[in-house]
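# Descriptive analysis of the structure
Letter by letter, the chains look like this.
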Amino acid sequence: MSTTTTAGPAKMTEEQFTKLRQIIYQRSGIWFAEGKKYVLESRLTQRLKQLEMDDFEQYAMLLSIGPYREDEFNEMFSRITINETSFFRNQPQLDVFENKVLPILLEARKATKRLRLWSAACSSGEEPYTLAMMVHRSLGVRLPDWHVEILGTDLSQKMLLAAESGEYGQYAVSNTDPLILNRYFQKTPTGSYTIDPTIKSMVRFERHNLKDTLAARRHGEWDVIFCRNVMIYFDQPMREGCLKMFHQMLADDGVLFIGHSETIRLPELYSARSEPHAFAYTKAENEVSHVA
Ligand SMILES: C[S@@+](CC[C@H](N)C(=O)[O-])C[C@H]1O[C@@H](n2cnc3c(N)ncnc32)[C@H](O)[C@@H]1O
């Protein structure tokens, strides 16, 4: 009997839940804990209907074998993940970046004039573009002398396409100061906002799975890493794997910014910066002194 013909979410057995969450975990590190079966049921019911499938057993099969498994994983991923973001999200934290961290890094890099920022799990790109605006206004007329590299990565192809388009709706700019809106965006006749071409050219996007800690290494060393509001969806081993990878990828005087509901408990690797609302970490002091 089809489980998708009745109104409301299709029913998932415990066994199907175990299979699906294992697939999701192996591919992305996102962990659906016990009791979260209803989340998968409600987010994937519509997909089952579109595919005219009778149950989640068939769906798990589609994700595991056959030529469409990669495409279907991408489709499923965009349905089960939270992509919530906006420009200038968490302004007090961004103030720490712009007023405390950036001036020190610009001074420290004045000989090479190279600055590298990574926004990991950037969703539709508002975060790396925000960083580009802050670097742009901090450097001002000095910008052409600098080689600034800002990379936005995410696992979701759909989000990366949105990021590359550089066009946003009203919600994305709801925290944006009108002066900034005026300076760095153009309003289109349909009421959306497009990013200023100079800011757009400062940011590059690439698909990257945070689970793939080896692939991250090819990007080289970063002065600042933002990884906000994604590690909350990972289990402890995955979170620690990411944090160890970030530690390897961070310059000795680099800074890691995380989400306001996340914490790092790896004192051998990271020290929290003291500013309130910073949610920012440097490499643990003993490490830095070893390197000198
Ligand atoms: C809530 S958004 C965070 C966006 C932005 N960092 C912010 O804080 O505004 C979380 C993003 O993490 C991405 N994501 C989830 N698992 C991932 C993984 N394993 N690798 C890379 N990105 C992932 C999702 O696609 C989603 O776009």
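Here the structure is a predicted model, which is why all the values come from computation and not from measurement. (Residues numbered from 1 in each chain as written. Predicted model: local features only at pLDDT ≥ 70, side-chain atom pairs only at ≥ 80, totals over all residues. Heavy atoms only, no water.)

## A look at the sheet that holds strand S3 (residues 167-168)
Selection criterion: Only strands that DSSP links by at least two bridges are regarded as paired with each other. Helical segments are the DSSP runs of H or I of at least four residues, strand segments are the runs of E of at least two, and each set is numbered from the N terminus.
Taken together, three strands build an open sheet; the order of strands is S3-S5-S4 and the sheet is antiparallel. In this open sheet, the two edge strands, each paired with only one partner strand, are S3 and strand S4 (185-187). The sheet contact formed by S3 and strand S5 (residues 193-195) spans two bridges and is antiparallel. Bridge pairing in S5 links Glu-167 to Thr-194.

## Observations concerning the packing of aromatic side chains
Put simply, the test is: In summary, the pairing rule links any two rings of Phe, Tyr or Trp, Trp by its six-membered ring, whose centres are within 6.5 Å, and it sorts them by plane angle into stacked for under 30 degrees, edge-to-face for over 60 and tilted for everything else. Only protein chains enter the accessibility calculation, which uses a 1.4 Å probe; a residue whose area is less than 20% of its type maximum is buried, one above 50% is exposed, and one in between is partly exposed.
For the structure on display, the rule yields 13 aromatic pairs. Note on Tyr-129 and Tyr-168: the rings are 6.3 Å apart at their centroids and 80° apart in plane angle, and the pair reads as edge-to-face. Taken together, the residues Tyr-129 in helix H6 (residues 126-139) and Tyr-168 in strand S3 connect sequence positions 39 residues apart. Both residues of the pair, Tyr-129 and Tyr-168, count as buried.

## Side note on the domain arrangement of the protein chain
For clarity, the cut-off: In this document the domain limits rely on a domain assignment from an automatic tool or a database. Contacts are assigned to residue pairs that have any heavy atoms within 4.5 Å of one another. Joining two parts hides part of their accessible area as seen by a 1.4 Å probe, and the buried area is that hidden amount summed over both. The term salt bridge refers to a pairing of a side-chain nitrogen on Lys or Arg with a carboxyl oxygen on Asp or Glu at a separation within 4 Å. Polar contacts here mean pairs of N or O atoms no more than 3.5 Å apart (in protein, one a potential hydrogen donor and the other a potential acceptor; neighbouring residues in sequence count only if both atoms are side-chain atoms). Following the grouping adopted for this structure description, the nonpolar residues are Ala, Val, Leu, Ile, Met, Phe, Trp, Tyr, Cys and Pro, the charged ones are Asp, Glu, Lys and Arg, and the polar ones are all others, Gly among them.
Under the domain assignment used here, the protein chain contains domain 1 (14-80) and domain 2 (91-291). For domain 1 versus domain 2, the separation of C-alpha centres amounts to 30 Å. The interface of domain 1 with domain 2 comprises eleven residues on the first partner and twelve residues on the second. Between domain 1 and domain 2, roughly 920 Å² of surface is buried when both sides are summed, and carbon and sulfur atoms account for 50% of that area. For the domain 1 face of the interface with domain 2, the top three residues by lost area are Tyr-25, Asn-74 and Phe-77, together amounting to 37%. The partner of Arg-207 in a salt bridge is Glu-70, with the nearest N and O atoms 4.0 Å apart. Across the domain 1-domain 2 interface, the total number found is six residue pairs in polar contact (both at pLDDT 80 or more). Contributing elements (two or more residues each) for the side of domain 1 that touches domain 2: helix H1 (14-28) and helix H4 (69-80). A class-by-class count of the residues in the side of domain 1 that touches domain 2 yields four nonpolar, five polar and two charged.

## Structural notes on the sheet that holds strand S8 (residues 250-258)
Whenever strands of a sheet pair, they do so through backbone hydrogen bonds, lying parallel or antiparallel. Rules: Inter-axis angles, ranging from 0 to 180 degrees, are taken between N-to-C directions of lines fitted to C-alpha atoms, where helices are fitted over the stretch in contact.
The sheet built from seven strands is open, its strands ordered S6-S2-S1-S7-S8-S10-S9 with mixed pairing. Where the open sheet ends on each side, the last strands, each with one partner, are strand S6 (203-207) and strand S9 (270-272). Averaged over all adjacent pairs, the angle separating strand axes in this sheet is 25°, with direction ignored. Where strand S1 (residues 114-120) and strand S7 (residues 222-227) come together, three bridges link them in parallel fashion. In the strand pairing of S7, Ser-119 is matched with Phe-226. Sitting on the sheet, helix H7 (residues 157-165) is in contact with strand S2 (147-154) and S6, with an inclination near 165° to S6.

## Brief notes about the nonpolar core
Put simply, the test is: Here the nonpolar core consists of buried residues drawn from Ala, Val, Leu, Ile, Met, Phe, Trp, Tyr and Cys, with membership extended through side-chain atoms lying within 4.5 Å.
Tyr-59, Leu-210 and Phe-246 are the most contacted members of the largest nonpolar core, which totals 49 residues. Looking at this core element by element, the count peaks at six residues for helix H11 (residues 236-249). Lining this core are residues from two domains, each supplying at least three of them: domain 1 (14-80) and domain 2 (91-291). Discounting residues that sit within four places of it in the chain, Phe-246 has contacts with Trp-118, Ala-120, Leu-210, Ile-225, Cys-227, Met-231, Leu-256 and Tyr-270. By size, the runner-up hydrophobic cluster in this structure holds 44 residues, among which are Leu-106, Leu-115, Val-135 and Ile-199.

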